[in-house]
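Now for the letters of each chain:
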Amino acid sequence: MKLLQVCMEYAPKSGGTTMAVSNFDSVYNSGIVSFTTPDEFKKVPNDTNTVHVRLSKNLLSTKYGLPDKLALKKADNAYANCDISCSHGLLRYHIQWIHQHSLESGKPYWIVPH
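Okay, so let's go over this structure. All values reported here derive from a predicted model rather than from experimental measurement.

### Focus on the side chain of Asp25
Now for step 1: One can find Asp25 in helix H1 (residues 16–28).
Now for step 2: Despite its burial, Asp25 pairs with no opposite charge; the closest candidate is Lys2, at 6.8 Å N-O.
Now for step 3: When residues no more than four places from it in sequence are discounted, the contact partners of Asp25 are Gln5, Ser30, Ile32 and Asn49.

Next comes the structure, spelled out in structure tokens:
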């Protein structure tokens, strides 16, 4: 069963969320989709296991995590290849994104509220 984890800012500065995602990944060898701010996007390493969705610089994007629709293409492909997904955190766009995909595909997901 292929797990996809979805979070905001899969980056060292994120602390607890990044640690939780890394721990899940070490057990499940999961894929990761990170909704990443422009400043952090510049610093991300080339990791084939992680899809970084670049957020725009506007206020709504940085606070709510709303990306440009074109930036979601690789993330949509990652979701298409999973069987189940896990969202880290609440009250941000990535929850809405994963919920919509779940409704359309019938794939289950769970939320880890950090």
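### Focus on H1
Now for step 1: Here H1 contains 13 residues, and its C-alpha end-to-end distance of 18 Å stays within 8% of the 18 Å for a straight helix at 1.5 Å per residue.
Now for step 2: Those residues of H1 hidden inside the fold are in contact with strand S1 (3–8), strand S2 (31–36) and strand S4 (84–88).
Now for step 3: Downstream of H1 by a residue or two, Asn29 has a phi angle that is positive, lying close to 50°.

### With respect to the side chain of His94
Now for step 1: Relative to the elements of secondary structure, His94 occurs in helix H5 (residues 93–105).
Now for step 2: Residues within four places of His94 in sequence aside, it is in contact with Val6, Cys7, Met8, Phe35, Ser87, His88 and Gly89.

### Section: the packing of helix H4 (residues 73–80) against H5
Now for step 1: Across the interface, H4 lies against H5 with an axial gap of 11 Å and an inter-helix angle of 45°. Between H4 and H5, the crossing angle belongs to the class labelled oblique. Taken as a pair, H4 and H5 cross one another with a handedness that is right-handed. For the pair H4 and H5, contact is made by Ala75, Asp76 and Tyr79 and by Trp97, Ile98, His101, Ser102 and Ser105, respectively.

Criteria and cut-off values
- Residues numbered from 1 in each chain as written.
- Predicted model: local features only at pLDDT ≥ 70, side-chain atom pairs only at ≥ 80, totals over all residues.
- Heavy atoms only, no water.
- Helix = DSSP H or I, 4+ residues; strand = E, 2+ residues; numbered from the N terminus.
- Buried < 20%, exposed > 50% of the residue type's maximum accessible area, 1.4 Å probe, protein only.
- Lys, Arg positive; Asp, Glu negative; His and termini not counted.
- Salt bridge = Lys/Arg side-chain N within 4 Å of Asp/Glu carboxyl O.
- Contact = heavy atoms within 4.5 Å.
- Expected span 1.5 Å × (residues − 1).
- Axes fitted to C-alpha atoms, helices over the stretch in contact; angles between N-to-C directions.
- Parallel < 35°, antiparallel > 145°, perpendicular 65-115°, else oblique.
- Left-handed = near helix turned anticlockwise from the far one by under 90°.

By themselves, these are just geometric observations and shouldn't be taken as functional.
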